[in-house]
Amino acid sequence: MDKTNILPRTAPTEPPNLTDAAATFEKMQELLKTKNDTSRFVGLALLKSVLDNGHLAQDPTRLRILWEALSPKFLDRLLYAQENEKITKSESRDMVNLSVAILHTFTNLLPRDALKEKRLIGRVGPLVKALVNSPTDTTQYILQTLLSIVSQIEGARELLHIPDISALTELATQHSLVLDVLLYMWINASTVSDEISSVHESIDKIIPTLIVSFRQTDAVTFIQCVASLIPKLTPEALPLSPRWLTPLVSILRGLVSRKPTVAGRAAYTNLAAALLQAYPRETPILLFKDDASGSVDSKPFSYLFINLLLIDLRSTFPSLLPQLNSTGYPDTSRRLAAAFDVLSSFIGFLVRSLDDDISIPSFSMPPDLLLKLRKDIAESISLCIEYLRDRWDASVAGVSGLHPSARTGTSATSEGTRLTLTWESIKDNATADPLTLAAIRALAIWIREDENDNLRNECCGLMDMFVELYKCSSEGLDFRYPILLAFEVIMLSENGVEAFLGQCGWEVISKDLVSILKSIDENHVSGTASMIPRGLEIVRVLLAVVDHPSIFSPREEWMEIITHVSSMKTSATLAASVLELQIGTLQLTAALLSKAAGGVQKRYVTSFPPLLGIVNQLRGFVGQLDETESTDLMALLDDVSLELDNLRNIR
């Protein structure tokens, strides 16, 4: 159709003088449904005026009728309007502005279901095309409209399959909303299994383009976008070993070296943690490798980076508790949790780099910097322990060391129902706080690698929190494995075993061990994969308690584990890790029986035959493993067999 028919030579700046709402509605309907483009344009101008005045915002029925009266093809022609020999620059701008304003208003007023309809999502392509040479205000409206559309899966898929969205991505450095649009597009589209490959392709195509665009900027908004994207994508949706990983880490390192703002520090911290989680093999060497030329005073980048994170942790902890109920606390919590995750990864990287059998290229740190870093990490962990103690008291315990059974119930106040011994917190929030989990994980790794008796003794003061978090892990965040890692080392401290038993730690983790053994017996293979490492760690902790010099004889309730172990099932089809766990439980059983009093041993005399039978079965299954795996396991079985034989002969 001749585009000169779309816009009258003198466009109406004011709608017809229709004061009656019903008459106005009928007139708009009539104008919008006509086949004449000029009348349609007048109808759109009238509709925009009515929408701007809010006359239809509270009338969803009429709003829907007018929306369906709009011609999608006519809107597209307006969005595609460009200056040519028949249309002036001013006219084409008016066409685009009017159609964008109409779509922007409708996306805000229509119900959520309407955002999924083809009538709206079909406008995504023309809207992207309209970004070319659009003025700033119109561009902002287009981006807001696109963001509303891609917030639905259908809209995200529509944008994902547009071949060329360069008009959108080229604006990323000027408008942060572009990154939000891309973020929602990838996240929502990735929830559809059929779109996983398309999401991979889109990410691998667009991320390098954005890296080039942001290279000459501080890239804070871009780094924030990728940091938000990666944790929200499923493992299947993440590209494998992407080529853009190296230049992305380069941008992150550049931001760290620029003395960034608060937003910049949060951005690089969150991105580093996200990349380490998503790409644990590639990222550590890229992030922590030496690059003295880019560091202050020629110090290694890893030293500068970790030192900045530690400074952030130490400076934030003292004022963190009063912020628990503030609106900014969740962001602060995520940033500090990310800092702890990076610290945990760095500690592991550092330990591997010091291993003579493992060669990590391009990494070394002078001894004086290592000692200073060790001191700073220890100080940060100490402050972390102090904060966790206060945090737990404020949220749950009320006072340090109070046994859970001694806590009183809740009471109703003018501000809601609260625990009567706690203060300044949202109820039970600590158990769902990502900072709590990340801090405990970093704490556990550090006290295992650094033989610091003071820190280990300080951790004893958190025993009630550890046990309580262990019990509630099945309901939300899983604290169990990092807590077990901490337990194993805390048992070596002066008061570790006493604190552990005083908080019923044995009862809690032995119950978990029994549930793991039952899962293996019931052949819940899918459920046991993550349980086996935890089961092995439980055995190590319980053995450390039994073997502790302060334990002269095991308690009666500890012996219940023997009954469960003597009845467990084994099979040649079990993985080597499962066989190792079963051997570990036999070791625990032998240790308990060897330390038990004579009378207690007599009560369990009937358990010796089934235990030795399990040993013999396992010996045959272990013999079928490859030599590397079987040698150590066979030696453990020989020790258990010898111990049980000796005990049986004594009886």
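Residues numbered from 1 in each chain as written. Predicted model: local features only at pLDDT ≥ 70, side-chain atom pairs only at ≥ 80, totals over all residues. Heavy atoms only, no water.

When helices and strands are counted, the protein shows 32 helices and two strands. Taking all 651 residues of the protein together, 51% fall into the buried category. Residue pairs at least 24 apart in sequence account for 75% of intrachain contacts in the protein once pairs closer than 6 positions are excluded. Accessible surface, the protein as shown: approximately 30100 Å² in total, 50% of it carbon and sulfur. (Helix = DSSP H or I, 4+ residues; strand = E, 2+ residues; numbered from the N terminus. Buried < 20%, exposed > 50% of the residue type's maximum accessible area, 1.4 Å probe, protein only. Contact = heavy atoms within 4.5 Å. Areas by Shrake-Rupley, 256 points an atom, 1.4 Å probe, with all protein chains shown as cover.)

Summed over all chains, the structure comprises 23 salt bridges. Here Arg391 makes a salt bridge to Asp433, at a shortest N to O gap of 3.5 Å. With Arg391 in helix α19 (residues 367–397) and Asp433 in the loop between β2 (416–419) and α20 (434–449), the pair connects residues that are 42 residues apart, well separated along the chain. Taking the relative accessible area as the measure of exposure, Arg391 reaches 2% and is therefore buried. A relative accessible area of 3% places Asp433 in the buried class. (Salt bridge = Lys/Arg side-chain N within 4 Å of Asp/Glu carboxyl O.)

The interhelical angle for the contact between helix α22 (residues 463–472) and helix α25 (residues 505–521), taken along N-to-C directions, is 25°, at an axis separation of 10 Å. Comparing the axis directions of α22 and α25 gives the class roughly parallel. Considering only the axes of α22 and α25, their crossing is left-handed. For the pair formed by α22 and α25, the contact residues are Val467, Tyr470 and Lys471 on the first element and Gly505, Val508, Ile509 and Asp512 on the second. Residues that form the contact of α22 with α25 fall into these classes: four nonpolar, one polar and two charged. (Axes fitted to C-alpha atoms, helices over the stretch in contact; angles between N-to-C directions. Parallel < 35°, antiparallel > 145°, perpendicular 65-115°, else oblique. Left-handed = near helix turned anticlockwise from the far one by under 90°. Nonpolar A, V, L, I, M, F, W, Y, C, P; charged D, E, K, R; others polar.)

Attention now goes to the layout of surface pockets. The rolling of a water-molecule-sized probe over the atoms marks out the regions of remaining empty space. By volume, the largest pocket amounts to about 1500 Å³. Looking at the largest pocket, it is lined by 45 residues, and the ones nearest its centre are Ala273, Ala274, Gln277, Asp341 and Arg441. For the lining of the largest pocket, the secondary-structure elements that each account for two or more residues are α13 (220–232), α15 (262–278), α18 (329–353), α20 and α23 (480–490). With 10 residues, the top contributor of residues to the lining of the largest pocket is α18. For the lining of the largest pocket, the class distribution of residues is 28 nonpolar, eight polar and nine charged. (1 Å grid on protein atoms, 1.4 Å probe; cavity = no way out; pocket = protein on both sides within 12 Å on 5 of 7 lines; lining within 4 Å. Points joined across faces, edges and corners; volume = space filled by probe spheres on them.)

In an α-helix there are 3.6 residues to a turn, and that puts residues three or four apart on one side. Helix length check: α20 (16 residues) gives 23 Å between terminal C-alpha atoms against 22 Å at 1.5 Å per residue, within 8%. Taken together, the buried positions of α20 are Leu435, Thr436, Leu437, Ala438, Ala439, Ile440, Ala442, Leu443, Ala444, Trp446 and Ile447. Where α20 begins, the side chain of Asp433 points an oxygen toward the backbone nitrogen of Leu435, at a separation of 3.0 Å. (Expected span 1.5 Å × (residues − 1). Polar contact = N/O pair within 3.5 Å; in protein donor to acceptor, adjacent residues only side chain to side chain.)

We now examine unusual backbone geometry. We note that Ser241 has phi near 45°; this positive angle belongs to a residue other than glycine. Relative to the helices and strands, Ser241 is located in the loop between α13 and α14 (245–256). The phi dihedral of Cys504 is positive, around 60°, even though this residue is not glycine. Relative to the helices and strands, Cys504 resides in the loop between α24 (496–502) and α25. Under the relative-accessibility criterion, Cys504 is labelled partly exposed at 31%.

All right, on to the packing of aromatic side chains then. Across all of its chains, the model carries 12 aromatic pairs by this definition. The interplanar angle of 85° and the centroid separation of 6.4 Å between the aromatic rings of Trp244 and Tyr279 together place this pair among those described as edge-to-face. Here Trp244 is found in the loop between α13 and α14, whereas its partner Tyr279 is found in the loop between α15 and α16 (283–288), with 35 residues between them in sequence. According to the relative accessible area criterion, Trp244 is buried, its value standing at 5%. Owing to a relative accessible area of 4%, Tyr279 belongs among the buried residues under this scheme. With 4.3 Å between their ring centres and 10° between their planes, Trp506 and Trp558 make a pair best called stacked. Here Trp558 lies in the loop between α27 (531–546) and α28 (560–566) and Trp506 lies in helix α25, a separation of 52 residues in the sequence. (Phe/Tyr/Trp six-rings, centres within 6.5 Å; stacked < 30°, edge-to-face > 60°.)

Before going further, it helps to spend a moment on the packing of helix α29 (residues 576–595) against helix α31 (residues 608–622). One can describe the packing of α29 onto α31 by two numbers: an axis separation of 11 Å at closest approach and a directional angle of 150°. In terms of orientation, α29 and α31 fall into the roughly antiparallel class. The element α29 and its partner α31 pack so that their crossing is left-handed. Between α29 and α31, the residues in contact are Leu579, Gln582, Ile583, Leu586, Thr589 and Leu593 and Phe608, Leu611, Ile614, Val615, Leu618, Phe621 and Val622, respectively. When its residues are assigned to classes, the contact of α29 with α31 shows 11 nonpolar, two polar and no charged.

Moving on to the environment of Gln174. In this structure, Gln174 sits in the loop between α10 (166–169) and α11 (177–189). Along the sequence, Gln174 and Thr136 sit 38 residues apart, while their C-alpha atoms lie 9.8 Å from each other.

Once that is clear, we can look at α15. Its 17 residues give α15 an end-to-end C-alpha distance of 24 Å, which sits within 8% of 24 Å, the value for a rise of 1.5 Å per residue. For α15, the complete set of buried residues consists of Gly264, Ala267, Tyr268, Thr269, Leu271, Ala272, Ala273, Ala274, Leu275 and Leu276. Here the buried face of α15 lies against α13, α14, α16, α17 (301–316) and α18.

Another aspect to go through is the environment of Phe621. With respect to the helices and strands, the residue Phe621 is situated in helix α31. Sequence separation between Phe621 and Leu579 is 42 residues; the distance between their C-alpha atoms is 8.3 Å. Apart from the residues lying within four places of it in its own chain, the contact partners of Phe621 are Thr570, Ser571, Ala572 and Leu579.

Right, let's get into the nonpolar core. By size, the foremost hydrophobic cluster in this structure holds 228 residues, and its most contacted members are Leu168, Phe340 and Phe487. Apart from the residues lying within four places of it in its own chain, the contact partners of Phe487 are Met463, Phe466, Val467, Phe500, Ile509 and Val541. (Core = buried A, V, L, I, M, F, W, Y, C linked by side-chain atoms within 4.5 Å.)

Taken over all residues, the pLDDT of the protein has a mean of 86, while the share at 70 or more is 88%. α11 holds the highest mean pLDDT among the elements of the protein, 96, whereas helix α26 (residues 525–528) holds the lowest, 52. Note on residues 1–5: pLDDT under 50 across the span, and nine contacts to partners over four residues away in sequence or across chains. Note that pLDDT drops below 50 for residues 421–425; the model gives that stretch 21 contacts with residues more than four away or on any other chain. (pLDDT = per-residue confidence, 0-100.)

Glancing now at the side chain of Ser630. Tracing the backbone shows Ser630 in helix α32 (residues 627–650). Overall, the relative accessible area of 11% leaves Ser630 in the buried class.

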